[in-house]
Amino acid sequence: MLGRTAIRLAVMMFVMTFAGIAQGQDKLQKHFSDAACEVKATADPSQKREILDKSFERVVKALNTVQSSPLISKDDRAGIDHFKVVLKEKQDELAGLNGYERVPDAQLNAFADYVVQDMEQAAQSVTISLVALLLIIIIVILLV
Amino acid sequence: MLIPIVHERQARVPSAFWGYRCLALGLLLSSCSFLPPAPSETAPGEENELLPSYIVVCIIHGDSGYLFHDPDGNEYRADEEALAGAKKVAERNSQAEVFIFHEKRRRHFMLFFPRRDGEFYYYRNGRLLAQESYWRDHGQSRFDPEVELYYRFRAEERPRPVRLFLYFGHEIPEIGGTGYDASYRDRTFTVHELVDGLKRLTRNSTKFDLIMLSSCFNGTPHTISALTPYARYIIASPGNLHLSYFDLHPFEALDVGLRDGDVSAFAKECAHQSFDRLTKDIQTEITVAVYDVDRVQGFLYSVDSVYDDALTRLKEEAPTSIEHCDCAEDPAYVRPEMSEGIDVFYRPARFGRSRHKQEHSGWECPKLLK
């Protein structure tokens with residue numbers, strides 16, 4: 001079992017290294033876009049919240065795992081910290097914590113779009129290196 | 001002046017031929033890409049009555065990180081969408097000369113042989129006259145290949161054509177700038193490289209009537225000041241801009257939009273249409289500003305040294321510790337003439353800490369995260 005996981009990881013790492021950093025970013029965006037589509041396909045607000053919360057948790061878990069890896073540079077750690085803060089703000093807003101008003105049930109679809117679109121700005125977005133980004137994606141995929 | 005005219009079909013035949021030949025010689029050659037088409041001439045006098053009234057130069061950066069989704073989850077590449085929009089502009093303006101440069105991600109043939117990573121399209125009077133691939137990294141300056149192609153193909157001009165420059169890409173940095181191109185991570189690209197390109201496209205003589213920067217955070221005093229010698233009007237976003245970019249539809253009928261030669265009104269109409277389109281589907285902040293370059297000089301002059309000092313201090317800081325804010329929120333930049341010469345279309349983000357912010361000055365400034 002461990003051997004199979006290691007082989008899967010090595011193959012994914014090889015393929016994604018050639019695919020490059022763009023693919024890494026794309027996968028993260030796709031992760032949140034898929035969650036947004038799932039949210040919109042669900043009528044029950046509590047299920048919508050659960051889908052959004054799980055999608056955040058999965059990425060935060062991957063970020064924590066990668067951050068503790070010896071492969072990660074100081075700059076990457078800072079980039080990951082920044083990304084975690086961004087995600088934490090969204091989790092807080094969803095739940096109505098830390099000064100946020102809780103996102104109303106009727107606005108959960110729009111909030112799901114907001115999460116996706118906030119990652120799709122024409123800003124300088126890459127502050128995490130290729131290696132770190134690939135590790136994050138691999139862990140997110142393995143957590144599915 | 002001889003005008004190189006190549007029909008699309010002519011340009012593609014040698015390309016396909018060389019493409020197959022390259023494939024056969026792949027292991028021997030260091031690259032495999034299309035050869036530039038051989039120019040041919042039109043009959044003398046034929047083009048005189050078709051001299052362009054509009055010149056549009058469009059640079060589309062599409063190296064990395066340009067994926068976006070619509071609310072239904074469909075994927076789009078921002079650069080491909082911008083390219084399709086620019087081609088429509090080129091095809092629908094019968095009196096325009098349009099230069100489109102698509103800067104693509106560097107790819108390799110059989111993993112080792114680099115392929116050309118720039119694609120150039122040249123349209124005149126609504127027809128594609130040339131298309132060729134080029135190397136983006138040839139030349140010392142960032143826009144050497146583009147400037148060379150521009151002067152190789154440009155037509156004789158009417159006495160006063162309207163000149164438009166459109167840029168699509170991520171935020172053009174004011175400091176740092178390494179890593180902007182994922183394919184050339186050691187190369188630097190800042191506002192100053194853009195200015196160098198504009199300087200050579202205008203040859204220090206004629207300004208662009210309108211520059212549109214479809215990117216995030218470029219509506220800053222420093223960027224607008226740097227572009228001042230090369231632009232009469234500028235459309236830019238001082239805040240975040242979604243990758244679905246500004247709208248190109250108003251550019252599809254330049255004869256109508258610029259009927260009265262009023263570039264100011266045209267720029268405001270473009271900004272308005274972009275704002276209307278973006279507000280339909282986008283939940284994040286939308287800020288589109290139009291700068292009348294002559295009229296904003298008072299404000300730019302008054303904050304020039306403050307802003308430069310801030311940039312000098314921020315050069316030492318990690319990118320993740322720098323954030324952007326509305327200049328009106330920082331007393332160091334607040335001046336009575338701040339709103340002079342600027343039209344702002346603004347809607348706050350639907351969510352997040354700034355969702356109750358009701359106004360934007362149209363100027364963005366950098367600050368250190370607390």
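Residues numbered from 1 in each chain as written. Chains lettered and ligands numbered in written order. Predicted model: local features only at pLDDT ≥ 70, side-chain atom pairs only at ≥ 80, totals over all residues.

Asker: I would appreciate a short explanation of the overall build of chain B in the present structure.
Answerer: In terms of regular secondary structure, chain B is built from 8 helices and 15 strands. For chain B, the proportion of its 370 residues judged to be buried stands at 45%. Contacts in chain B between residues at least 24 apart in sequence constitute 70% of all its contacts with a sequence separation of at least 6. (Helix = DSSP H or I, 4+ residues; strand = E, 2+ residues; numbered from the N terminus. Buried ≥ 20, exposed ≤ 12 C-beta atoms within 10 Å, placed from the backbone. Contact = placed C-beta atoms within 7 Å.)

Asker: Where do I start with the overall build of chain A in this structure?
Answerer: A count of helical and extended segments in chain A gives 6 helices and 0 strands. Sequence-ordered secondary structure for chain A, helices as α and strands as β, is α-α-α-α-α-α. Split into buried and exposed, the 144 residues of chain A put 37% on the buried side. Of the contacts made within chain A by residues no fewer than 6 positions apart, 74% connect residues no fewer than 24 positions apart.

Asker: So what exactly am I meant to see when it comes to the packing of helix α3 (residues 45-67) of chain A against helix α4 (residues 74-95) of chain A here?
Answerer: The packing of two helices is summarised by the inter-axis angle and the distance between the axes. All names here are of chain A. Running from N to C, α3 and α4 point in directions that differ by 160°, and their axes come no closer than 10 Å. Between α3 and α4, the angle falls in the class roughly antiparallel. Handedness of the α3/α4 crossing: left-handed. Contacts between α3 and α4 involve R49, L52, D53, F56, V59, V60, L63, V66 and Q67 from the former and R77, I80, F83, K84, L87, K90, Q91 and L94 from the latter. For the contact of α3 with α4, the per-class residue count stands at 10 nonpolar, 2 polar and 5 charged. (Axes fitted to C-alpha atoms, helices over the stretch in contact; angles between N-to-C directions. Parallel < 35°, antiparallel > 145°, perpendicular 65-115°, else oblique. Left-handed = near helix turned anticlockwise from the far one by under 90°. Nonpolar A, V, L, I, M, F, W, Y, C, P; charged D, E, K, R; others polar.)

Asker: What should I look at first to understand the sheet that holds strand β8 (residues 127-134) of chain B in this one?
Answerer: In a beta sheet, neighbouring strands are held together by backbone hydrogen bonds and run either parallel or antiparallel to one another. Residue and element names in this part refer to chain B. Strand order in the open sheet formed by 9 strands is β8-β7-β4-β1-β9-β10-β11-β12-β14, with mixed pairing between adjacent strands. Strand pairing shows two members of the sheet lacking a second neighbour, β8 and β14 (342-347), which therefore form its edges. On average, each strand axis in the sheet is inclined to that of its neighbour by 10°, with strand direction left out of account. For strand β12 (residues 286-292) and β14, the ladder comprises 6 bridges, and the chain directions are antiparallel. Bridged to V288 within β14 is F345. Docked against the sheet, helix α7 (residues 263-281) engages β9 (162-168), β10 (208-214), β11 (231-236), β12 and β14, running at close to 175° with respect to β12. (Pairing = 2+ DSSP bridges.)

Asker: How should the environment of E101 of chain A be read in this particular structure?
Answerer: Residue and element names in this part refer to chain A. Tracing the backbone through its elements, the reader meets E101 in the loop between α4 and α5 (108-118). Residue classification places E101 among the exposed residues on the basis of 9 C-beta atoms within 10 Å. Remark: the alpha-carbon pair of E101 and E50, spanning 51 residues in sequence, is separated by 18 Å.

Asker: How do you make sense of the packing of helix α3 (residues 144-153) of chain B against helix α4 (residues 191-202) of chain B when you look at a structure like this?
Answerer: Residue and element names in this part refer to chain B. Taken N-terminus to C-terminus, the directions of α3 and α4 make an angle of 15°; their axes are 10 Å apart at the nearest point. By the angle between their directions, the pair α3 and α4 is classed as roughly parallel. Between α3 and α4 lies a crossing of right-handed hand. In this structure, α3 contributes E146, V147 and Y150 to the contact, and α4 contributes G197, R200 and L201. Classifying every residue of the contact of α3 with α4 by side-chain character gives 3 nonpolar, 1 polar and 2 charged.

Asker: Any chance you could explain the nonpolar core here in plain terms?
Answerer: Soluble, globular proteins show a tendency: their nonpolar side chains are buried together. V56, C58, I234 and I235 of chain B are the most contacted members of the largest nonpolar core, which has 93 residues in total. Formed by 17 residues, the second largest nonpolar core is a distinct cluster that contains L94, V115 and M119 of chain A together with A349 of chain B. (Core = buried A, V, L, I, M, F, W, Y, C linked by C-beta atoms within 7 Å.)

Asker: How should the confidence of the model for chain B be read in this particular structure?
Answerer: Detailed reading of the predicted coordinates is not advisable wherever pLDDT is low. This prediction gives chain B a mean pLDDT of 86; 86% of its residues lie at or above 70. Across residues 1-47 of chain B, where pLDDT falls below 50, the model places 59 contacts with residues more than four positions away in sequence or in other chains. (pLDDT = per-residue confidence, 0-100.)

Asker: Sorry if this is basic, but what is going on with α7 of chain B here?
Answerer: In an α-helix, one turn spans 3.6 residues; hence positions three or four apart end up facing the same way. Residues and elements named next belong to chain B. An ideal rise of 1.5 Å per residue puts 27 Å on 19 residues; α7 measures up with 28 Å between its terminal C-alpha atoms. By the burial criterion, the buried members of α7 are F266, A267, C270, A271, S274 and L278. Looking down the long axis of α7, one finds its buried residues gathered within 135° of arc, a one-sided arrangement. Of the residues in α7, the exposed ones pointing more than 90 degrees away from the buried face are T279 and K280. Among the structural elements, β10, β11, α6 (254-257), β12 and β14 are those in contact with the buried residues of α7. (Expected span 1.5 Å × (residues − 1). Arc of directions from axis to C-beta.)

Asker: What is the right way to look at α4 of chain A in this model?
Answerer: Residues and elements named next belong to chain A. Over its 22 residues, α4 extends 31 Å from the first C-alpha to the last, a length consistent with the 32 Å expected when each residue adds 1.5 Å. For α4, the full list of buried residues reads D76, G79, I80, F83, K90, E93 and L94. Mapping the buried residues of α4 onto a view down its axis gives an arc of 145°, with all of them on the same face. Residues of α4 that are exposed and point over 90 degrees away from its buried face: K74 and V85.

Asker: It is not clear to me how unusual backbone geometry should be interpreted in this structure. Could you clarify?
Answerer: Working note: non-glycine residues mostly have negative phi, and peptide bonds are mostly trans. A positive phi is found at N98 of chain A, a non-glycine position, where the angle reads about 50°. We note that F217 of chain B has phi near 55°; this positive angle belongs to a residue other than glycine. Its place among the elements puts F217 of chain B in the loop between β10 and α5 (221-227).

Asker: Which parts of the structure should I look at to understand the environment of A310 of chain B?
Answerer: Residue and element names in this part refer to chain B. For A310, the position within the fold is in helix α8 (residues 297-314). Of the residues examined, A310 has 20 C-beta atoms within 10 Å and is grouped as buried. With 85 residues separating them in the primary sequence, A310 and S225 have C-alpha atoms 15 Å apart.

Asker: So what exactly am I meant to see when it comes to the confidence of the model for chain A here?
Answerer: Averaged over all residues, the pLDDT of chain A equals 82, while 76% of them reach at least 70. Element-level pLDDT for chain A is lowest in helix α1 (residues 2-19) of chain A, with a mean of 55, against a maximum mean of 97 in α5 of chain A.

Asker: Hey, could you run me through the environment of I60 of chain B in this one?
Answerer: Residues and elements named next belong to chain B. Mapping I60 onto the fold places it in strand β1 (residues 54-62). The class of I60 is buried, set by 25 C-beta atoms lying within 10 Å. With 54 residues separating them in the primary sequence, I60 and P114 have C-alpha atoms 20 Å apart. In this structure, I60 is in contact with D79, A82, L83, A86, F101, H102, E103 and F168, ignoring residues within four places of it in sequence.

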